[in-house]
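For reference, the chains in residue letters:
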Amino acid sequence: MRIMAIMKRALLALWATTVVSAVNISVGSKGANATGGFHYGLLHEDIDNSGDGGLYAELIRNRAFQSSEGYPSSLSGWYPINGTRLSLKTLEEPLSEALSTSMNAASTSTRGQVGFWNDGFWGMDVKAQTYQGSFWVRGDYSGYFTASLQSNITGERFGFAKIKSRSQADKWVEHEFALTPNKNAPNSNNTFAITFEAGGLKSASLDFNLISLFPPTFKGRKNGMRVDIVEALEQFHPTIFRLPGGNMLEGRTNKSWWNWKDSIGPLEERPGFAGVWGYQQTNGLGLLEYLEFAEDLGMDLILAVYAGLSLNGDVTPEDQLQQFIDNALDEIEFIRGPPDSKWGAVRAQLGHPQPWKLELVEIGNEDWLAGAPEGWETYQKYRFPMFLEAINKAYPDIRVISSGSVYDGYDIPAPGAGDYHLYTEPDTWVAEFGKFDNVKTPHIIGEMASTFPNGGTGWDSGVLRPFPWWQGAVGEAIALIGYERNADRIIGALYAPILRNMNRWQWSITMVQFAADPTLTTRSTSWYAWELMAAHPITATLPASADFGPLYYVTGRNEKTQAHIFKAAVYNSTNGADVPVSLTFDGVAAGTTAELTVLSGPADPYGVNDPFTGVNVVKTTKTTVKSNVNGTFSFNLPNLSIAVLETKGKRGAVRRQW
């Protein structure tokens, strides 16, 4: 009996330490804060080969032999066929001023097929679909060119196209073709080749430039985006896009910042860009392509403009800043000006007479970081104020955003807004849950992600986790909930960086990972957290009664659908126990049905979605719950889970369109 009594007391003690008290949440119907819809979105800059070799669908690497500051022209990616001599030439009559260097192909024989091949961005995906290609050639050749796709392992040719030569001895001539393979390649270790008959040469050699090959692109856009990558981004329901994001905007020096004017117009007129992440960029993914991408995904724009500070600390003096203000005003006019304006007419000539909506413009990028303290001091003293005054004078409806926040020590002048960036550990997101509760200045959360484990050395080591992990995703969800609670002042939150090529990267934590093989395109644990949050837009937050921790939540309604919405995450509940929730919305009657979606992760909080295993560690559970006679919804949420409850409204789809 004594043993049984001892066991009973032990069980009761265990029960007392593992059962979590129910969280009773009573949501009011008055005192709502209208938000217009909190934005979930993304930033893009070409890091991790996320642009060239990623989002931008071009398959040919080093297609135009470009050069830029720190990056000389090279033959990287190109290889000879049957002894062809390949060399770089800077001709007296180049293809264009922007593309001044070309590849010379000289045959070492008088007969047989000669030419060259390209290995792409770590391979090429070959499917039985139509590819669109083109190349420019200069030289006297009579006969046919053959463009082909083949295995780099076995040499098997999957498809080819014959292109009748129109080349001329002293003139650059473009040749276009369509190539449709007759089968799918078994893997992505494939190459592209152009060959020609040595006996047809009437000049000693041929010069080639701007050699291009595109698979079918998203929505069929010419010079467009890779389908599977855009679909992965589209499916997390982003509604805001910051372009061009990050360090890319600032450039390496004040002579190599990202000038939007170099990124528009025909490809043969676009010079190379000195990328800031260890590789040159083509400028093929330019301003127009970014704008069309945003249009195709229904995203509002945050345009970032160069503010006179570069990564090496170059700061533009006050008396020289006007040129960059004028350039920013030109860019704004290109985007939203009428088609009869100077730059609106250029946009119209490029095929888009209809202006885009642009209401948010950010000045610079992280000006508190590069060249500190001078960079940040000059930003506050004259650079931001000059941009703010000029833009608001020309466009009073545009909200001008500082590249720093009030937490960077800047008392941002009205009517300016701020930009808060944070890469951190999950515990920090929780600690900062109420960070913007009493901040009156509007902000965007322009860059954010979980990058370091709890208890680590963080930026002191500079070593990021290899992939987004589940506990990190829950931390991000808590931050997003905190920001959305203040959506009357927080415009939105953007994940960054967004894409990582698994063959070369500088930053391991991204929402989506990919390679040449589309089967490796992987939605990370963070993707699932952001998708759930974004799929249920709240247009007015509602006051609620309960405190926070270990349950963090936001409540609201969607005025368009008349749905009531509860978004929550559980972090570090007592002994990892489930958290019982009792949720009541004022005005929601007994017997109302709602859909409850719960995301939970693996037993190991460091579990990841690894592209090379294809295993998704995130479990999604959907259930229908009904309010009781008191109008209360009752359910349990596991530790380290993310959840959304939405009452049945008028709609069939949750995606918001802008």
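Everything that follows concerns the structure shown earlier in this document.
Residues numbered from 1 in each chain as written. Predicted model: local features only at pLDDT ≥ 70, side-chain atom pairs only at ≥ 80, totals over all residues. Heavy atoms only, no water.

A. Structural context of the nonpolar core. The biggest cluster of nonpolar side chains holds 130 residues, and the ones touching the most others in it are Phe293, Ile363, Phe387, Tyr483, Trp530 and Ile642. Setting aside chain neighbours within four positions, we find Trp530 in contact with Tyr40, Gly41, Phe236, Met448, Glu476, Leu480, Ala493, Leu494, Tyr495 and Met511. The next biggest cluster of nonpolar side chains, apart from the first, holds 33 residues, and it includes Tyr141, Leu179, Phe192 and Ile211. (Core = buried A, V, L, I, M, F, W, Y, C linked by side-chain atoms within 4.5 Å. Buried < 20%, exposed > 50% of the residue type's maximum accessible area, 1.4 Å probe, protein only. Contact = heavy atoms within 4.5 Å.)

B. Just the packing of aromatic side chains, in detail. Inspection of the entire model under this criterion finds 44 aromatic pairs. Relative to Phe196, the ring of Tyr141 has its centre 5.6 Å away and its plane inclined at 65°; by these criteria the two rings are edge-to-face. Of the two residues, Tyr141 is situated in the loop between strand 8 (131-138) and strand 9 (144-151) and Phe196 in strand 12 (residues 190-197); the sequence distance between them amounts to 55 residues. Residue Tyr141 is classed as buried on the basis of its relative accessible area, which comes to 3%. With a relative accessible area of 0%, Phe196 lands in the buried category. The positively charged end of Arg500 is found above the aromatic ring belonging to Trp505, 4.0 Å away from the centroid. Residue placement shows Arg523 over the ring face of Trp527; its charged tip is 5.5 Å from the ring centre. (Phe/Tyr/Trp six-rings, centres within 6.5 Å; stacked < 30°, edge-to-face > 60°. Helix = DSSP H or I, 4+ residues; strand = E, 2+ residues; numbered from the N terminus. Lys NZ or Arg CZ within 6 Å of the ring centre and 35° of its normal.)

C. The arrangement of the pattern of salt bridges in detail. Taken as a whole and judged by the stated rule, the model has 24 salt bridges. Arg242 is the salt-bridge partner of Glu362, the closest N and O atoms lying 3.1 Å from each other. Here Arg242 lies in strand 14 (residues 240-243) and Glu362 lies in strand 16 (residues 360-363), a separation of 120 residues in the sequence. Note on Glu362: relative accessible area 0%, which makes it buried. For Arg242, a relative accessible area of 0% puts it in the buried group. The residue Asp367 makes a salt bridge to Arg383 at a minimum N-O spacing of 2.8 Å. Of this pair, Asp367 sits in the loop between strand 16 and helix 7 (374-394) while Arg383 sits in helix 7; the two residues are 16 residues apart in sequence, bridging distant segments of the chain. On the accessibility criterion, Arg383 (0% relative accessible area) is buried. (Salt bridge = Lys/Arg side-chain N within 4 Å of Asp/Glu carboxyl O.)

D. Summary view of the sheet that holds strand 21 (residues 499-501). Reading across the sheet, the three strands line up as 21-22-23 and stay open at both edges, with mixed pairing between neighbours. The open sheet has two free edges, formed respectively by strand 21 and strand 23 (522-523), since each of these has just one partner strand. When strand 22 (residues 512-514) meets strand 23, the two strands line up antiparallel, connected through two bridges. Looking across to strand 23, one finds that Val512 is bridged to Arg523. Relative to strand 22, helix 2 (residues 227-234) is tilted by about 170°, and along the sheet it contacts strand 21, strand 22 and strand 23. (Pairing = 2+ DSSP bridges. Axes fitted to C-alpha atoms, helices over the stretch in contact; angles between N-to-C directions.)

E. Structural context of the environment of Gln113. Along the chain, Gln113 falls in strand 7 (residues 113-118). The class of Gln113 is partly exposed, set by a relative accessible area of 31%. Between the alpha carbons of Gln113 and Thr84 there is a distance of 9.5 Å; along the sequence they are 29 residues apart. Each residue touching Gln113, except ones within four places of it in the same chain, is listed here: Ile81, Asn82, Thr195, Phe196 and Glu197.

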